[in-house]
Amino acid sequence: MMDAVLLGVLLAAVAIGYGLGYRQALQRKKPTPTASFPTLSRDYFVGLNYLLNEQPDQAIHTFIQALEVNSENIDTHIALGKLFRTRGEADKAVSIHQNLLARPALTASQNEQVQLELARDFISLGVHDRAQRLLRSVIDQTQQDDHRITAKRLLVDLLEREKAWQEALDTTLPMLKLQPKMRTPAAHWLCEIAQEEIGQASRALAKRHLKKALQLDNQCVRANLLLAELEVDNGHHRQAMARLNAIPHQSLAHIPTMLPALKRAYWRSGDTAGFEQHLLALLDLAPLTSVIVSLSEVVHQRAGVERAIEVTGEHLQHAPRLGGLDHLIDLYMESQQLSGREHPDSRLLLLKHHTQALLKNRPRHRCHHCGFSAETLHWQCPSCRRWGTVEPIIGVEGE
């Protein structure tokens, strides 16, 4: 971290040195006293000395004092403010950026640029109301599309943090043509709104919002899953199955996510044979642990433990999985008990101990963008805050 800070200050120092030299060159053309030149040079080299002695705080303060604000060095001051913010000292960044806004030398574009930086400072400090006012001001007044888009994206990020889903959606929809990647988060905001409506018994309205989510992002697994759960609750089991059938085509990794809803749909319709056939079809697409275990449970209920052992072992031969092996050991232990054995084979107990130890505290889901892992599924990654990037982990120790 210190190396990065020193590098940032060094680059700023180079820019400041250039700015000082440029200003002094202009001043030499004017009939001004030369006594000020040594002071400026001394401040600059004092700052460099702090920098070389790995004292970046003192270096930054010296550079700020050495360089007055004018149209030529505004970018340098903005860079120094960013440096403070990235170091976790957003309060110092606020001071720099507020000082800039008080200067009459700024052009309209530079003023907007500083307002955007100041809004970022306030977001870092958690002062969201002041950040919102700045961003809305830029959006309403700017004549530059790039500044308007930047302000809208910062405002959307802020509204998202505050769970103001509808406001975030209203801000984003007009810019989807220019920002197509925003379709995914917008679809999830609609899912968030729908879940709130489901909790308020507004199921028809929730259904409309979920369908709108799929129009925005046809790969939104969450929308199909919520629609399927609504159909199951309404007794429309076939419609629910049709929704769930779409999920493997959206994401094979989310097959385990849909299994509870799929089981509920078949069980409520009394079609256990259909559920077994559906599981076999899913195994052809992806031999995942949850599907193997679910199939084993259905076979166990229909044909007994021995047949469940055969089916489970057959699928694990083609797709070895630690979770599947743990389930198979349970079946062998049950088989021994049913055969009259008072205690399970000690070798089975040893294997069970090892599989449990390996499975203990293993995360079941991981973000494929930043690597965050957790036991439960998060539709928005708590680490990188991207939507729809957390999926069940697939592999020998996962699904």
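Each value, and the rule that gives it
Residues numbered from 1 in each chain as written. Predicted model: local features only at pLDDT ≥ 70, side-chain atom pairs only at ≥ 80, totals over all residues. Heavy atoms only, no water. Salt bridge = Lys/Arg side-chain N within 4 Å of Asp/Glu carboxyl O. Helix = DSSP H or I, 4+ residues; strand = E, 2+ residues; numbered from the N terminus. Buried < 20%, exposed > 50% of the residue type's maximum accessible area, 1.4 Å probe, protein only. Lys, Arg positive; Asp, Glu negative; His and termini not counted. Contact = heavy atoms within 4.5 Å. Phe/Tyr/Trp six-rings, centres within 6.5 Å; stacked < 30°, edge-to-face > 60°. Lys NZ or Arg CZ within 6 Å of the ring centre and 35° of its normal. Axes fitted to C-alpha atoms, helices over the stretch in contact; angles between N-to-C directions. Parallel < 35°, antiparallel > 145°, perpendicular 65-115°, else oblique. Left-handed = near helix turned anticlockwise from the far one by under 90°.

A. Geometry of the pattern of salt bridges. Taken as a whole, this structure holds 23 salt bridges when the rule is applied. A salt bridge links glutamate 160 to arginine 385; its shortest N-O distance comes to 3.1 Å. With glutamate 160 in helix α8 (residues 145-161) and arginine 385 in the loop between β2 (373-374) and β3 (390-392), this pair connects stretches of sequence that are 225 residues apart. Between aspartate 271 and arginine 238 there is a salt bridge, with its nearest N and O atoms 3.6 Å apart. Of this pair, aspartate 271 sits in the loop between α14 (255-269) and α15 (272-285) while arginine 238 is found in helix α13 (residues 237-250), placing the two residues 33 residues apart along the sequence. For aspartate 271, a relative accessible area of 21% gives the class partly exposed. Judged by its relative accessible area of 52%, arginine 238 is exposed.

B. Molecular detail of the side chain of glutamate 197. Within the secondary structure, glutamate 197 sits in helix α10 (residues 183-199). For the buried residue glutamate 197, which engages in no salt bridge, the nearest side chain bearing the opposite charge is arginine 208, 7.6 Å off. For glutamate 197, the residues in contact, after removing those within four places along its chain, are Ser202, Leu205, Ala206 and His209.

C. Representation of the packing of aromatic side chains. Following the criterion strictly, the structure yields 3 aromatic pairs and no others. Seen from their ring centres, tryptophan 165 and tryptophan 387 are 5.9 Å apart, and the 75° between their planes marks the pair as edge-to-face. Here tryptophan 165, found in helix α9 (residues 165-172), pairs with tryptophan 387, found in the loop between β2 and β3; they are 222 residues apart in sequence, far enough to count as distant. Assigned by exposure class, tryptophan 165 and tryptophan 387 land together as buried. With a centroid separation of 5.2 Å and an interplanar angle of 90°, the aromatic rings of tryptophan 267 and phenylalanine 275 are classed as edge-to-face. For tryptophan 267, a relative accessible area of 33% corresponds to the partly exposed category. Accessibility expressed as a relative area gives 2% for phenylalanine 275, which makes it buried. Members of the aromatic cluster, connected to one another through ring pairs, are Tyr266, Trp267 and Phe275. In this arrangement the basic side chain of lysine 263 is found over the ring face of tryptophan 267, its NZ or CZ atom lying 5.5 Å from the centre.

D. Seen up close, the packing of α14 against α15. At their nearest, the axes of α14 and α15 sit 9 Å apart, and the two run at 160° to each other. One finds that α14 runs roughly antiparallel with respect to α15. In terms of crossing hand, the pair formed by α14 and α15 is right-handed. Every residue of α15 that contacts α14 at Ile255, Met258, Leu259, Leu262, Lys263, Tyr266 and Trp267 is listed here: Thr272, Gly274, Phe275, His278, Leu279 and Leu282.

E. Inspection of the environment of alanine 213 at higher detail. By secondary structure assignment, the location of alanine 213 is in helix α11 (residues 203-216). In sequence terms alanine 213 and alanine 194 are 19 residues apart; their C-alpha atoms lie 9.7 Å from each other. Among all residues touching alanine 213, those that are not within four sequence positions of it are Ala187, Leu190, Cys191 and Ala223.

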